[in-house]
Amino acid sequence: MRIETITPLSAYKTLNQCFDYRTVKQMATTTARRQRDGEKTTITIPANREVGPSAPDTAPATEDGHHVARGVVGRSAVAGAAGRSESEWRRNAEKLANEDPLSATEAGSVIPSTRRIGSSDELRSRLFEEYPTLKGHIGHRTFMAYLLFTAQRDDRGRPLLHCETVVRCYGVKDRRGARVSAERLLELFKRDVLSGFQWSGYHPKKERCRIALSVPVKSEIKSRLNRELKMRPSSIGNYVNLITGRKIDAKYITNVRKEAQAEVQGMDEPCSESKRWAEYMNSRPADLYTRDAQRNLADAWEKVEELPEGSQDGARRHLQALETQPKPIYKYNDTTCRITATTSLQTINSTLRVALVGDVWVTYDLSSAQLAIASVDWGADGIAEFLLDGGDVWDLFAEETGLPLKYKPVFKKGLYSTCYGANPENIRFKHMADRAEEKGLEYDPDEEGERILSVPFLEELIDARKRKWCEIEAEGGAVDCFGRHMDLGELQREHGKTENGAIRTVLANLNQSKEMDLLSPALDLAIEEEENSRAAFQIALYEYDGFSVKYHYAKEHHHKRIMRAVNRKCRREGYPTELEVE
């Protein structure tokens, strides 16, 4: 059997029945590049490869331990397999937790982000006294450190328990390959360490991860923890890594950066553009951040008190991490082309980021980027025309609802939640309510919430999204602008998505990929500038729909070059967005 091209999507479906995911991804990348160059690709499928519904349900494991589905598997078969898999994953979790084969040094290298978690040696010693299991069990110790110190929290300050994060605390880099139950690990931590530990359930239909509802450490420990949380690391005596006990000094931090960057280099990039951004951003000199981001730390600490109470703990943990190691280390994500630097300047509260670097970096973003992309790619012509004529969507929302522009964060949450198919009731009572609380705005779901979701502008967007949704569902996935194939079955099998969740993921990814593509001219200029003996500017921070630039000289000239290059690409490809200064 021969396939002359990897588009349309039906060709991808055939390939997915014959080859493993990594092979198909490599085929997609190669073919997309050749097609841009005007070349043709022919793929020959060996005769011993089965195609179609008669193929076996599972293929042999690939070298990374994954099993790749072949052919069409019915829902009942999937459900039965899921039940068997859950038992296997729970047994694997028990074996992992009971053996706990990692040494303290190895645990730190498995999870580089935990190497930045610091406390006084006194607090660490008291933890071991109160919870002696932690002293001899690195997995439980690492997870306890995550619960107490992570900045990844919900709007009420409760730790988020993503499956991947939980299993990594116990030394598993690839949860899918190792097949380990995060739920069972939580149960074992509760049994062995913290009997009062409580967490919410996982809600795949709502795309909501588990949350730590109660982490009831002893009152003395909690008091020490809260006291240290309000202190800058430099003022905490004998500041050590909670997991390894190593003193956190300059040499230690240098090693942390090297290990984190080495981990990224060992990861598979989602696409070539993700790799370009990650390699450039991770090669920025550390002194750029120690010099610029740490100058105004005192001011940022003061501004924490102005944030909503639920956001303050996460903000302080961010600031402690930045004082310890301020350089962002960007990593790839499993289901998106975006790169993320956890607990960094990229993820910190925007008010604090402005306080830290707002006076030395220039921040750019694409105006209404995802809406502009969706309006074109989904065929919402009225919205595209409105944006092309210079219409401001947030002014429109303010005018239609009678609410002031300070409600823009709430408008934005309502718009994009609607855009990607969230339930209207959840949007009114949860998404917009949480954002209003975060920003300190008066909000009633039956008043402000109802008015926002009644804006006529949203009707065309919903109709366009429904059409695109049906298209993705009928095709079983989609291909983004980088030639990256996103298969609905793959997202459900390998990432635990529901059917609707998988479609929402694809919808978002298509827009995010184009967003990254539209910013590529700025990266081209920054890379080109590296060839000079002294670069006039460098991109200091990648921010999804924009970036921040550090200018060294000739600021006005290079500012115009960046603006011109990005906006030319947006116009050439017909997207009604443009780069602007925040």
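The next point concerns the overall build of the protein. Each helix and strand counted, the protein has 28 helices and 15 strands in total. Burial analysis of the protein (582 residues in total) assigns 53% to the buried set. Counted over contacts in the protein with a minimum sequence separation of 6, partners at least 24 positions apart contribute 69%. For the protein, the accessible area works out to roughly 26200 Å², and carbon and sulfur atoms hold 46% of it.

Following the criterion strictly, the structure yields 16 aromatic pairs and no others. Consider the rings of F386 and F457, whose centres lie 5.8 Å apart with planes at 70°: the pair is edge-to-face. Here F386, found in helix α19 (residues 381-388), pairs with F457, found in helix α24 (residues 457-475); they are 71 residues apart in sequence, far enough to count as distant. Seen in terms of ring centroids, F537 and Y551 are 6.1 Å apart; in terms of plane orientation they differ by 50°. Their pairing is tilted. Here F537 is found in strand β13 (residues 537-542), whereas its partner Y551 is found in strand β14 (residues 546-551), with 14 residues between them in sequence. We note that F537, like Y551, is buried. Among the aromatic side chains, those forming a connected cluster through ring pairs are F143, Y170, F189, F197 and W199. Above the plane of the ring of Y131 lies K218, whose end atom (NZ or CZ) is 5.9 Å from the centre. Sitting above the plane of the Y280 ring, R284 keeps its charged end 3.8 Å from the centroid.

Tracing the chain through its elements places S195 in the loop between α10 (182-192) and β5 (198-199). Placed 20 residues apart in sequence, S195 and V215 show a C-alpha to C-alpha distance of 9.5 Å.

Time to look at the nonpolar core. The nonpolar side chains of a soluble globular protein tend to be buried with one another. In terms of nonpolar packing, the biggest core is built from 60 residues, with W277, L319, L356, F547, I562 and L579 touching the most fellow members. Every residue in contact with L319, bar those within four places of it in the chain, is listed here: L297, A300, W301, V304, I348, L352 and L356. Ranked by size, the runner-up nonpolar core spans 44 residues in total, among them A372, L387, L396 and L458.

Now for the confidence of the model for the protein. Looking at the protein, the pLDDT average stands at 82 and 81% of residues meet or exceed 70. Under a pLDDT of 50 for its full length, residues 40-82 has, in the predicted model, 75 contacts with residues more than four places off or in other chains.

The rules we used
Residues numbered from 1 in each chain as written. Predicted model: local features only at pLDDT ≥ 70, side-chain atom pairs only at ≥ 80, totals over all residues. Heavy atoms only, no water. Helix = DSSP H or I, 4+ residues; strand = E, 2+ residues; numbered from the N terminus. Buried < 20%, exposed > 50% of the residue type's maximum accessible area, 1.4 Å probe, protein only. Contact = heavy atoms within 4.5 Å. Areas by Shrake-Rupley, 256 points an atom, 1.4 Å probe, with all protein chains shown as cover. Phe/Tyr/Trp six-rings, centres within 6.5 Å; stacked < 30°, edge-to-face > 60°. Lys NZ or Arg CZ within 6 Å of the ring centre and 35° of its normal. Core = buried A, V, L, I, M, F, W, Y, C linked by side-chain atoms within 4.5 Å. pLDDT = per-residue confidence, 0-100.

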